[in-house]
Amino acid sequence: MDATFFFDPACPWTWRASRWLVTVAEARDLTIEWRAFSLSILNSGRIPPEFAEPMAASGRALRLVEALRAEGRGVDAGRFYTELGTRTHDAGQQLSAGLVDAAVEAAGVRDAAPALDDDRWDAAVRESHELAYSSAGPDIGSPVLMVPDAERGIHGPILTEVPALDDALTIWDSLLPLLRMPAFHEIKRGRR
């Protein structure tokens, strides 16, 4: 893999970062490995009631992502996330079980749909989450980006919008050497 992208499908910041990475991958012929990062695990015991439904839907989706990855179906996992994000973040809808099911159909992964409700996949989701967290944490959230030959991953990038191709490539070309530099720790700008 050229990049591993750990994500929670409920997070709009993560969605924009994923679309940035897809743009870069298409332009540079990179392969993306899609992996689970669970905001439910990260915020265990502190999820407000209004986020219970999206977090439950996210958990179902992440089971499917890890099941597809285990079967070597990374392209399918990426297509599923694209369909899900289009139905939620691009459409201004809150993540729900119904939108997860619709994305399964649209992505053509109905054969893997039993994983959505199979809690045996929770261990794989937790393992993926812990890998991302240990790579980029502490004090991080979704997304986490890892690349080969880098000791650690990073949380982010956090983008306010999906950049056009030239800016997307500039971000990638600037970020890649920093990721691989052991001394690099953090760059941050406050959100407005």
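Just above sits the structure.
Note that this is a predicted model, so its numbers are computed, not measured.

Student: I'd like a rundown of helix 4 (residues 74-88), residues and numbers included.
Tutor: The α-helix winds at 3.6 residues per turn, so residues separated by three or four positions along the chain end up facing the same way. Here helix 4 spans 21 Å end to end across 15 residues, near enough to the 21 Å set by a 1.5 Å rise per residue. When we look at burial in helix 4, the residues that qualify are Asp76, Ala77, Gly78, Phe80, Tyr81, Leu84, Gly85 and Thr88.

Student: Requested: an account of unusual backbone geometry, with residues and values cited.
Tutor: Between Ser142 and Pro143 the backbone carries a cis peptide bond, its omega angle lying at 5°. Note that Pro143 resides in the loop between helix 6 (122-136) and strand 3 (144-146). The omega torsion across Gly156 and Pro157 is 5°, close enough to zero to call that bond cis. Turning to its location among the elements, Pro157 is positioned in the loop between strand 4 (154-155) and helix 7 (165-179). In this model, Asp29 sits at a positive phi of 55°, which is unusual for a non-glycine residue. The backbone phi angle of Asp139 is positive, close to 60°, even though this residue is not glycine. The class for Asp139 is exposed, based on a relative accessible area of 75%.

Student: I'd like a rundown of the sheet that holds strand 2 (residues 32-36), residues and numbers included.
Tutor: Reading across from one edge, 2-1-3-4 is the order of the four strands in this open sheet, with mixed pairing throughout. If you trace the sheet from one side to the other, it starts and ends with strand 2 and strand 4, each paired once. Packing of helix 3 (residues 52-70) onto the sheet brings it into contact with strand 1 (3-7) and strand 2, and relative to strand 2 it is tilted by some 135°. The strands that helix 7 touches are strand 1, strand 3 and strand 4; relative to strand 3, the one it contacts most, it runs at about 75°.

Student: Give me the lowdown on the packing of helix 3 against helix 5 (residues 97-107), citing residues and values where you can.
Tutor: With their axes 8 Å apart at the nearest point, helix 3 and helix 5 run at an angle of 25° to one another. Regarding the angle of helix 3 to helix 5, the classification is roughly parallel. In contact with Glu53, Ala57, Arg60, Ala61 and Leu64 of helix 3, helix 5 contributes Ala97, Val100, Asp101 and Val104. Among the residues forming the contact of helix 3 with helix 5, the class breakdown is six nonpolar, no polar and three charged.

Student: Could you give an account of the pairing of strand 2, with specific residues and numbers?
Tutor: Here strand 2 lies mainly inside the structure; five of its five residues are buried. Burial along strand 2 is two-sided: Ile32, Trp34 and Ala36 facing one way and Glu33 and Arg35 facing the other are all buried. Across five bridges, the pairing between strand 1 and strand 2 is parallel. Within strand 2, the position partnered with Phe7 by the bridge is Ala36. A crossover connection joins strand 1 to the parallel strand 2 through helix 1 (residues 12-28); in handedness this β-α-β unit is right-handed.

Student: Lay out the packing of helix 3 against helix 6 with the relevant residues and their values.
Tutor: Contact geometry for helix 3 and helix 6: axes closest at 9 Å, N-to-C directions at 85°. In terms of orientation, helix 3 lies roughly perpendicular with respect to helix 6. From helix 3, Leu62, Arg63 and Glu66 reach across to helix 6, where they touch Asp122, Ala124, Val125 and Ser128. Of the residues assigned to the contact of helix 3 with helix 6, the class counts are three nonpolar, one polar and three charged.

Student: Tell me what's going on with the pattern of salt bridges, and back it up with residues and numbers.
Tutor: Counted under the stated rule, the structure contains 14 salt bridges. The salt bridge partner of Arg35 is Glu66, with a shortest N-O separation of 3.1 Å. Within this pair, whereas Arg35 is found in strand 2, its partner Glu66 is found in helix 3, the two being separated by 31 residues in sequence. With respect to class, Arg35 is no different from Glu66; both count as buried. Measuring nitrogen to oxygen at the nearest pair gives 2.7 Å for the salt bridge that ties Arg120 to Asp118. A relative accessible area of 68% means that Arg120 is categorised as exposed. Exposure remark for Asp118: the relative accessible area of 16% places this residue in the buried category. Through salt bridges with shared partners, one network takes in Glu71, Arg73, Asp76, Arg79 and Asp111.

Calculation criteria
- Residues numbered from 1 in each chain as written.
- Predicted model: local features only at pLDDT ≥ 70, side-chain atom pairs only at ≥ 80, totals over all residues.
- Heavy atoms only, no water.
- Helix = DSSP H or I, 4+ residues; strand = E, 2+ residues; numbered from the N terminus.
- Expected span 1.5 Å × (residues − 1).
- Buried < 20%, exposed > 50% of the residue type's maximum accessible area, 1.4 Å probe, protein only.
- Pairing = 2+ DSSP bridges.
- Contact = heavy atoms within 4.5 Å.
- Axes fitted to C-alpha atoms, helices over the stretch in contact; angles between N-to-C directions.
- Parallel < 35°, antiparallel > 145°, perpendicular 65-115°, else oblique.
- Nonpolar A, V, L, I, M, F, W, Y, C, P; charged D, E, K, R; others polar.
- Right-handed = clockwise from strand over helix to strand, strands pointing away.
- Salt bridge = Lys/Arg side-chain N within 4 Å of Asp/Glu carboxyl O.

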